[in-house]
Amino acid sequence: MAGFMVALVLVVAAVGLLRWRRPAWYWLTFGVTLAVVRVLVRYGSVMDACGLTVPPARWRLALARATNRPIPEPRPPRILRLRPTRTGLVLRLKLRPGQDAFDIAAASDRLRHSFSMYGVASRELRSGVVEVRMTGYDVLKRVQMPAETDPRPMRVPVALRQDGSVHYRDYRAIPHALTLGATESGKSVYQRNLVAGLAPMDVALVGIDCKQGVELFPLARRFSALADDPDTAAEVLDALVARMERVYQLIRSQQRITADVPDAEIAADIWDLPDDLRPVPVVVLVDEVAELALYASKEEEKRRDRIVTALVRLAQLGRAAGIYLEICGQRFGSELGKGITMLRAQLTGRTAHRVNDESSANMAFGDISPDAVLAAIQIPAEMRGLAIAGDSSGGWHRIRAPHTSLRQAVNTCNRHADRTPDLPELAPFRPALPGSDAESVPLVKASSATA
């Protein structure tokens, strides 16, 4: 008996140590089983205590009275599926008549305490069906991306959400985005993950880094053009505007709208063109937008207006031509001058890391969601890389990118340097690299039939 007690104490101590030091391992070994049992046993009483039940139907009450049986209990939402994941549980519920998805969302904090989970989030899948995602531990404390993700053309996994799902940067769904963050907030790591995710894809990268190129120039082998000062940046943006106009001419020439052409074959952007004619999409990364908008003389003011005008034109018209903007900065408000708020209105995606004041968070989410503003100003200084990601729909998520060192990002870009397209418009701005053996890729991708 004594030996059994000693073994039991050692097992309990090992489980406690595992939960403290390796919460992911604990969840996969012990936590998921305990959580499933806890949810199934407590489900009815928890839903009743949280006000998520409805009275029984009238016909059931009448039948109980007629047969002199006990009155039926209130009914909670019906469980359609309970699925364990590597970070928590996914519960799919069928709502009862009279219930709303907002009721589940409003009770998420009470459900978290009642089921002893770390976090609970819900979303409506379709009318009457709600998905509740529960996390068993703090997945953002030590980010580990899943071994298998779902990358697609122009869709990059860049971070992990608080509910355990992967956060993707999808350029075809959200063409342009703004990323804000104070110094040492993790903005650069987020940008490295983005570049590393785009490197294996058929895409041209254009960088504008006015900090003398310290952030983007180490990754130069994968960039088709780089600018490290405002004067060069103005010329690069003008070249991109010229490319955009030529791509529109190509699309126009391929439309051939006649009565016998099916609707699906009428080209309205580069993705409607045949593979052998489709130009390579371009992602423009601006590392510090304030350096492009500040000026100290009349000449610099003219250059600044030229840059902002080009950015606004690319933001308004670039999506169909396959030109996407990724703009980063510490602040992005009206104090940067005219045209800035017009540019911000075109940046659908918003990501805010730790900011130094509430007004900076309002610049990102003030016109989207007040709750996201509050979440952004509550990011602690010691949680580098933690950010709030949202879009113009009002939805937002707490995310954190996995730590990617500059060496890791450089190695990824060097490994895929042969995929760097050679764009004629941007040839003068192609970074000169001694000993580069990367082969240039033409503007138009080769068709899959001839590849």
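The rules we used
- Counting from 1, residues in each chain are numbered in the order their sequence is written.
- For this predicted model, a pLDDT threshold of at least 70 governs which residues receive local features, and a threshold of 80 or more governs which side-chain atom pairs are given and counted, while totals over whole chains, interfaces and linings are taken from all residues.
- Only hydrogens and water are set aside; all other atoms, that is, all heavy atoms of the structure, feed into the side-chain values.
- Helix and strand definitions follow DSSP, with helices as H or I runs of at least four residues and strands as E runs of at least two, each counted in order from the N terminus.
- The rule is simple: take the accessible area with a 1.4 Å probe, protein chains only, and divide by the maximum for that residue type; under 20% is buried, over 50% is exposed, in between is partly exposed.
- The convention used is that axes are lines fitted to C-alpha atoms, helices contributing only their stretch in contact, and that angles between N-to-C directions extend from 0 to 180 degrees.
- Any angle from 65 to 115 degrees is called roughly perpendicular, while one under 35 is roughly parallel, one over 145 is roughly antiparallel, and all others are oblique.
- Rotating anticlockwise by less than a right angle from the far helix to the near helix defines a left-handed crossing, while the corresponding clockwise rotation defines a right-handed one.
- Whether two residues are in contact is decided by their heavy atoms: any pair within 4.5 Å suffices.
- Charged means Asp, Glu, Lys or Arg here, nonpolar means Ala, Val, Leu, Ile, Met, Phe, Trp, Tyr, Cys or Pro, and polar covers whatever is left, Gly included.
- Paired strands are those between which DSSP finds at least two bridges.
- In protein, a polar contact requires one atom able to donate a hydrogen and another able to accept it; more generally it is a pair of N or O atoms within 3.5 Å, and residues adjacent in sequence count only if both atoms are side-chain atoms.

**So, the overall build of the protein**
Part 1 of the argument: Helix and strand counts for the protein stand at 13 helices and 14 strands.
Part 2 of the argument: Counting all 451 residues of the protein, 48% fall into the buried class.

**A word on the packing of helix α11 (residues 358-365) against helix α12 (residues 370-377)**
Part 1 of the argument: The contact between α11 and α12 brings their axes to 9 Å, and the two run at 140 degrees. Accordingly, the angle class assigned to the pair α11 and α12 is oblique. Our pair here, α11 against α12, has a crossing hand that is right-handed. Contacts from Glu358, Ala361, Asn362 and Phe365 in α11 reach Ala372, Val373, Ala376 and Ile377 in α12.
Part 2 of the argument: Considering only residue class, the contact of α11 with α12 consists of six nonpolar, one polar and one charged.

**Considerations on the sheet that holds strand β11 (residues 323-329)**
Part 1 of the argument: Strand order in the open sheet made by the 10 strands is β6-β5-β14-β13-β12-β7-β11-β10-β8-β9, with mixed pairing throughout. Edge strands, defined here as strands with exactly one partner in the open sheet, are β6 (166-170) and β9 (225-227). When strand polarity is set aside, the average angle formed by the axes of neighbouring strands in this sheet is 25 degrees.
Part 2 of the argument: Across two bridges, strand β5 (residues 155-161) lies against strand β14 (residues 396-400) in antiparallel orientation. Residue pairing for β14: Arg161 is matched across the bridge by Ile399.
Part 3 of the argument: Where α11 meets the sheet, its contacts fall on β7 (177-180), β12 (349-352) and β13 (386-390), and the angle it forms with β12 comes to roughly 160 degrees.

**Regarding the sheet that holds strand β4 (residues 129-135)**
Note: strands within a sheet are paired through backbone hydrogen bonds, in either parallel or antiparallel orientation.
Part 1 of the argument: The strand order across the open sheet built from four strands is β1-β2-β4-β3, with neighbouring strands paired in antiparallel fashion. Pairing within the sheet leaves two strands with one partner each, and these edge strands are β1 (78-84) and β3 (119-126). Each strand axis lies, on average, 20 degrees off the axis of its neighbour in the sheet, ignoring direction.
Part 2 of the argument: Where strand β2 (residues 88-94) lies against β4, seven bridges are found, and the strand directions are antiparallel. Paired with Leu89 across the strands is Met134, a residue of β4.
Part 3 of the argument: Contacts from helix α2 (residues 23-49) reach β1, β2 and β4 within the one sheet, and its direction differs from that of β2 by about 30 degrees.

**Description of the environment of Ala361**
Part 1 of the argument: In this fold, Ala361 is placed in helix α11.
Part 2 of the argument: Ala361 gets classed as buried once you look at its relative accessible area, which sits at 0%.
Part 3 of the argument: Residues Ala361 and Gly181 lie 180 residues apart in sequence; the distance between their C-alpha atoms is 9.0 Å.
Part 4 of the argument: Apart from the residues within four sequence positions on either side, Ala361 is in contact with Val355, Gly366, Val373, Ala376 and Ile377.

**Describing the side chain of Thr420**
Part 1 of the argument: Among the secondary structure elements, Thr420 is positioned in the segment after α13 (406-415).
Part 2 of the argument: With a relative accessible area of 0%, Thr420 lands in the buried category.
Part 3 of the argument: Polar contacts involving the side chain of Thr420 include one to the main-chain carbonyl oxygen of Ala417, which spans 2.9 Å.

**Regarding the packing of helix α7 (residues 230-255) against helix α9 (residues 298-317)**
Part 1 of the argument: Look at α7 against α9: their axes get within 9 Å of each other, and the N-to-C directions meet at 30 degrees. Both α7 and α9 take part in a crossing whose hand is left-handed. Contacts from Pro230, Asp231, Ala234, Glu235, Leu237, Asp238, Leu240, Val241, Met244, Glu245 and Tyr248 in α7 reach Arg303, Arg306, Ile307, Ala310, Leu311, Arg313, Leu314 and Leu317 in α9.
Part 2 of the argument: Partitioned by chemical class, the residues of the contact of α7 with α9 number 12 nonpolar, no polar and seven charged.

Any functional reading would require information that these geometric values do not contain.
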